[in-house]
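Observations on the three-dimensional arrangement
So you can see what is in the structure, the chains are spelled out below.
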Amino acid sequence: MRPDENISTTSGNTLLNKVPVGILGVGSYVPGVVVTNEDLGRHLDTSDEWIVSRTGIRERRFLPEGENTSDMCVAAALRALEDSGTGADEIDCVIVATFTFDQLLPSTALTVADRIGARGAVSLDMNQAACSGGLYGMWTAVHLLQNGHFRRVLVIGAEALSRITDPADRTTRVFFGDAAGAAVLGPVEEGSGVLSWSLGGTLSHAVEVPAGGAREPFGPEVVGTGRQFLQMDGPEVWRQVMTQIPPNMEETLKLAGLTADEIDHFVFHQANKNLVTGLMDALGQPMDKAVTTIEEYGNTGAATIFTVLDRLRGDGRPRPGEHTVFAVIGAGFLWGSMCLRQQGSGV
């Protein structure tokens, strides 16, 4: 059986939810260290022309020595709290999606909650959803907020991918950057917020970090093999994106009772700008509906959709009544999409 024939899916709409849930505020953070294509070309067999033509990436940000994933999480979280007008003591749950956590234990979510002052919040870590983590975190928040004990959930997606890619491997090093993004979710007026969602997955080792887990603990024998670094089959990633995402988005749109033409903004996980172009072509939609951050930041994993949403926010979008569709895919493979109608106030 081929891996893509063993697909698990789940879909639904939230139109009958007791509590309609929307995004109340967003924030993002990128490190100050800019790494250009020319910088990488000095020690890798690559060039600015090669990277731009194949990925659309011109530069990315790398964490400086002494800074960690949790530092980026805290910075993005504080900005999202400010944008939403929410105090840290009002947060009922902190969800952190990352597979580049500071250390195996203790909890990154608990570390962030403590540092921002959300000490009464439940802390949840989503460690292996990879590039899908931001959307899976929001999906989890929507369901938690159906419980009357939860009024505000902080979702953070963050990756320090410069720490887990091989500096000597051009097939991965040129793609990835470091960033964090966050969103505060909470109740909104009836008929707005999250309308529908669809999630799916199929087991594949096309994107993996072989060493460092219980099966192959990191040790002296791993050094020199490169198995502690992220490994990626680029053509298989492309195939999975173009095979899985268009029908997944169509399912989400159908459940929301909308067509692609009625969507104002498409927020994609951005592994490659050419993939974004390909997806918009598949949907028959103009590129000006898809804001991108990959040119400046590269692929930032679970943070990506929040960096895009933060950029939209800076432009005063989405406006009340506008529709936004999020779509992601990450290692696993795990993918999903979600449709929101902008409420009258907030993001």
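Since this is a predicted model, take the numbers as computed values, not measurements.

1. Quick look at the UniProt feature "domain: Beta-ketoacyl-[acyl-carrier-protein] synthase III N-terminal" (unreviewed entry) in the protein
- Under the feature "domain: Beta-ketoacyl-[acyl-carrier-protein] synthase III N-terminal" (unreviewed entry), the UniProt entry names residues 128-200.
- As a span, residues 128-200 carries 22% helix and 36% strand, and end to end its C-alpha atoms are 15 Å apart.

2. A look at the sheet that holds strand 8 (residues 178-187)
- Taken in spatial order, the five strands make up an open sheet running 2-8-7-5-6, and their pairing is mixed. Each edge of the sheet is formed by a strand with only one pairing partner; in this case those strands are strand 2 (21-29) and strand 6 (122-126). Taken pair by pair, the neighbouring strands of this sheet meet at an average axis angle of 15°, ignoring direction.
- Note that strand 7 (residues 153-160) and strand 8 share eight bridges and pair antiparallel. Along strand 8, the bridge assignment pairs L154 with V184.
- Lying on the sheet, helix 5 (residues 133-144) is in contact with strand 2, strand 5 (93-97), strand 6, strand 7 and strand 8; it crosses strand 5 at an angle near 160°.
- Across the sheet, helix 10 (residues 304-314) touches strand 2, strand 7 and strand 8, and the angle it forms with strand 2 is around 100°.

3. Section: the side chain of E236
- Along the chain, E236 turns up in helix 7 (residues 234-256).
- A relative accessible area of 19% means that E236 is categorised as buried.
- Apart from residues no more than four positions distant in its own chain, E236 is found in contact with A206 and F333.

4. Regarding the packing of helix 7 against helix 8 (residues 273-283)
- The contact between helix 7 and helix 8 brings their axes to 10 Å, and the two run at 40°. Crossing of helix 7 against helix 8: the hand is right-handed. The segment helix 7 lies against helix 8, with W238, V241, M242, I245, P246 and M249 engaging N274, L275, G278, L279, A282 and L283.
- Residues of the contact of helix 7 with helix 8, tallied by class, amount to 10 nonpolar, two polar and no charged.

5. Notes on the UniProt feature "domain: Beta-ketoacyl-[acyl-carrier-protein] synthase III C-terminal" (unreviewed entry) in the protein
- Here the UniProt-annotated "domain: Beta-ketoacyl-[acyl-carrier-protein] synthase III C-terminal" (unreviewed entry) positions come out as residues 254-341.
- The annotated region residues 254-341 carries 33% helix and 23% strand content, and the separation between its end C-alpha atoms amounts to 14 Å.

6. A look at the sheet that holds strand 14 (residues 334-341)
- Pairing within the open sheet is mixed, and its five strands lie in the order 1-9-14-13-12. Unpaired on one side and paired on the other, strand 1 (7-13) and strand 12 (265-268) mark the two borders of the sheet. For this sheet, the mean angle separating the axes of adjacent strands, direction not counted, is 10°.
- In the sheet, strand 1 pairs with strand 9 (residues 193-202) via seven bridges, with the strands oriented antiparallel. If you follow G12 over to strand 9, its bridge partner there is W197.
- Sheet strands in contact with helix 10 are strand 12 and strand 13 (323-330), and its direction is about 150° off that of strand 12.

7. A short note on the pattern of salt bridges
- Under the counting rule described, the total for this entry stands at 10 salt bridges.
- It is possible to trace a salt-bridge network through shared partners that takes in R317, R319 and E322.

8. Some remarks on the nonpolar core
- One finds I245, M249, F266 and F268 to be the most contacted residues of the largest nonpolar core, which totals 42 residues.
- Among the secondary structure elements, those contributing two or more residues to this core are helix 7, strand 12, helix 8, strand 13 and strand 14.
- Among the elements that line this core, the one with the most residues is helix 7, at six residues.
- With sequence-adjacent residues up to four places away left out, M249 is seen in contact with F266, F268, L283, V325, A327 and S337.
- Ranked by size, the runner-up nonpolar core spans 35 residues in total, among them I23, V26, I95 and M138.

9. Some words on the pairing of strand 7
- Of all eight residues that make up strand 7, eight are buried, and the element is covered over most of its length.
- The two faces of strand 7 match: V153, V155, G157 and E159 on one face and L154, I156, A158 and A160 on the other face are all buried.
- Across five bridges, strand 5 lies against strand 7 in parallel orientation. Within strand 7, the residue paired with A97 across the bridge is G157.

What counts and how
Residues numbered from 1 in each chain as written. Predicted model: local features only at pLDDT ≥ 70, side-chain atom pairs only at ≥ 80, totals over all residues. Heavy atoms only, no water. UniProt positions renumbered as here; feature names shortened; annotations may be inferred. Helix = DSSP H or I, 4+ residues; strand = E, 2+ residues; numbered from the N terminus. Pairing = 2+ DSSP bridges. Axes fitted to C-alpha atoms, helices over the stretch in contact; angles between N-to-C directions. Contact = heavy atoms within 4.5 Å. Buried < 20%, exposed > 50% of the residue type's maximum accessible area, 1.4 Å probe, protein only. Left-handed = near helix turned anticlockwise from the far one by under 90°. Nonpolar A, V, L, I, M, F, W, Y, C, P; charged D, E, K, R; others polar. Salt bridge = Lys/Arg side-chain N within 4 Å of Asp/Glu carboxyl O. Core = buried A, V, L, I, M, F, W, Y, C linked by side-chain atoms within 4.5 Å.

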